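# Residue-level structural notes
Residue-level listing of the chains:
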Amino acid sequence: MMPVSPPPPRIPSLNALRAFEAAARLGGFARAADELGVTPGAVAAQIKSLEEDVGAALFARNSRGVQLTSIGQRSLRAFVEAFDLLGGAVRDLRQDAAPGKVHIAALPALAQLWLAPRLPLLRQNMPGVDVSVTALETPPNLKRVPFDICLFYGDDTQSGNVWTQSDELLPVCAPELAEMLTHPRDLKSTVCLTDVSWETDWTLWAAKAMPGDAFVPNGPSYSLYAVAVEEALNGAGVLMAHRSLVERHLRSGRLVAPFTQSVPLSQRISMWIQPGTRRPEVIENVIDNLTKVLR
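All figures in this text were calculated on a predicted structure; none of them were measured in a lab. Once a new chain begins, its residue numbering starts again from 1 and follows that chain's sequence as written. Only residues with pLDDT of at least 70 get local features here, since the model is predicted, and only at 80 or more are side-chain atom pairs given and counted; chain-wide, interface and lining totals rely on the full set of residues. Calculated side-chain values reflect all of the structure's heavy atoms, with hydrogen atoms and water omitted.

## Observations concerning the packing of helix α5 (residues 108–115) against helix α9 (residues 225–233)
Two numbers describe how α5 lies on α9: the axes approach to 8 Å, and their chain directions differ by 45°. Relative to α9, the element α5 is oriented oblique. When α5 is examined against α9, the residues Ala109, Gln112 and Leu113 are found in contact with a partner set consisting of Tyr225, Ala226 and Val229. Note on residue categories: nonpolar means Ala, Val, Leu, Ile, Met, Phe, Trp, Tyr, Cys or Pro, charged means Asp, Glu, Lys or Arg, and polar means any other residue, Gly included. Taken together, the residues that form the contact of α5 with α9 break down as five nonpolar, one polar and no charged. For helices, the fitted axis covers only the stretch in contact; all axes are lines through C-alpha atoms, and the angles between them, taken along N-to-C directions, range from 0 to 180 degrees. Helix numbering and strand numbering both begin at the N terminus, where a helix is a DSSP run of H or I of at least 4 residues and a strand a DSSP run of E of at least 2. Orientation categories follow fixed angle ranges, with anything under 35 degrees roughly parallel, anything over 145 roughly antiparallel, 65 to 115 roughly perpendicular, and all other angles oblique. We call two residues in contact when some of their heavy atoms are within 4.5 Å.

Written out as structure tokens, the structure reads:
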């Protein structure tokens, strides 16, 4: 008799499972698409394929969006844990394969103006370590992506925090322009430079420096903070600065603070890691070198 060897049941596509987990955890196809770097249509197609594969609806669709069915809800926790474990396994694999490589995810402004000036000292003190930097607008989920260190503005409640530094707002400009400013009210007739991601900074500072005075900054806006800083250095106007990002220019005298009033930021510059790294000494030494005060 011929042995019976039926094919094993087919496992659903990993991409389809990943799309379902992301959409279920984040509460929608569009958010899942942002995290996965695909289109909402691609997420919807993957989930439809998965539903056909398992023979049950995982989401209820309506005019307001999507909502998990009871079957989808019951399976969510297991899939979240599974993909967390998969992300950790990939991170461990990369760390074991390249113990001298460290990958930092950072807010663009912090990457360009806070982190970059510190990299030469890091290379000098840790010649065997290769540091890569990726600029991101929002912090990544370290359970899913193989970054070693995150550098963003945050608060003390951030899980995995290993270092924080306070920061403050203050107007800065080229020395020649500062000579023309004697009172914060002078800013009403001065070109003011604004970063679009932090456009409320002027309002926060003006509320303290000019209470009761309806101040609206007049001047260009920039989507890259480093460009706004460069324009302040060029004498184009007064920039509402984060002190930590312009500190070296203040020390050199290329930028000055025309007024004494500063306002503490509610968020702090924060570095955090995913607990359980296989290279605690390497990561600790990198952070220690990055947080040394620049002279």
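## Examining the side chain of Glu21
Here Glu21 is to be found in helix α1 (residues 14–26). Of the residues examined, Glu21 reaches a relative accessible area of 1% and is grouped as buried. Beyond its immediate stretch of four places on either side in the chain, Glu21 contacts Leu76, Phe79, Val80, Phe83 and Arg144. For every residue, the accessible area obtained with a 1.4 Å probe (protein chains only) is divided by the maximum for its type, and the residue is called buried under 20%, exposed over 50%, and partly exposed between those limits.

## Side note on the packing of α1 against helix α2 (residues 29–36)
At a closest axis distance of 8 Å, the pairing of α1 and α2 adopts a crossing angle of 120°. Comparing their axes, α2 and α1 come out oblique. As for how α1 packs across α2, the hand of that crossing is right-handed. Contacts from Arg18, Ala19, Ala22, Ala23, Arg25 and Leu26 of α1 reach α2 at Phe29, Arg31, Ala32, Glu35 and Leu36. Broken down by class, the residue content of the contact of α1 with α2 amounts to seven nonpolar, no polar and four charged. Helix crossings get a hand from a simple test, with the near helix turned counterclockwise from the far one by less than a right angle marking a left-handed crossing and a clockwise turn marking a right-handed one.

## Quick word on the environment of Thr69
Residue placement: Thr69 occurs in the loop between β2 (65–68) and α4 (70–97). As a C-alpha pair, Thr69 and Leu58 span 11 residues in sequence and 5.3 Å in three-dimensional space. Residue contacts for Thr69: discarding those within four places in its chain leaves Ala57, Leu58, Phe59 and Ala60. Among the polar contacts listed, one links the side chain of Thr69 to the backbone oxygen of Ala57, at a separation of 2.8 Å. Here a polar contact means two N or O atoms within 3.5 Å. Within protein one must be a hydrogen donor candidate and the other an acceptor candidate, and residues neighboring in sequence count only if both atoms are side-chain atoms.

## Description of the sheet that holds strand β11 (residues 263–264)
In this scheme, strands are said to pair when DSSP sees at least two bridges between them. Overall, mixed pairing links the five strands, which are arranged β9-β8-β10-β7-β11 in an open sheet. Either end of the sheet is taken by a strand with one partner, and the two such strands are β9 (221–222) and β11. Bridge analysis of strand β7 (residues 168–172) against β11 gives two bridges, and the strand direction is antiparallel. Looking across to β11, one finds that Leu169 is bridged to Val263. Its contacts with the sheet put α9 on β8 (192–195), β9 and β10 (238–242), and the angle it makes with β10 is roughly 130°. The sheet contacts of helix α10 (residues 243–252) involve β7 and β10, and relative to β10 the element is tilted by about 115°.

Read these as layout, nothing more, since geometry by itself doesn't imply function.
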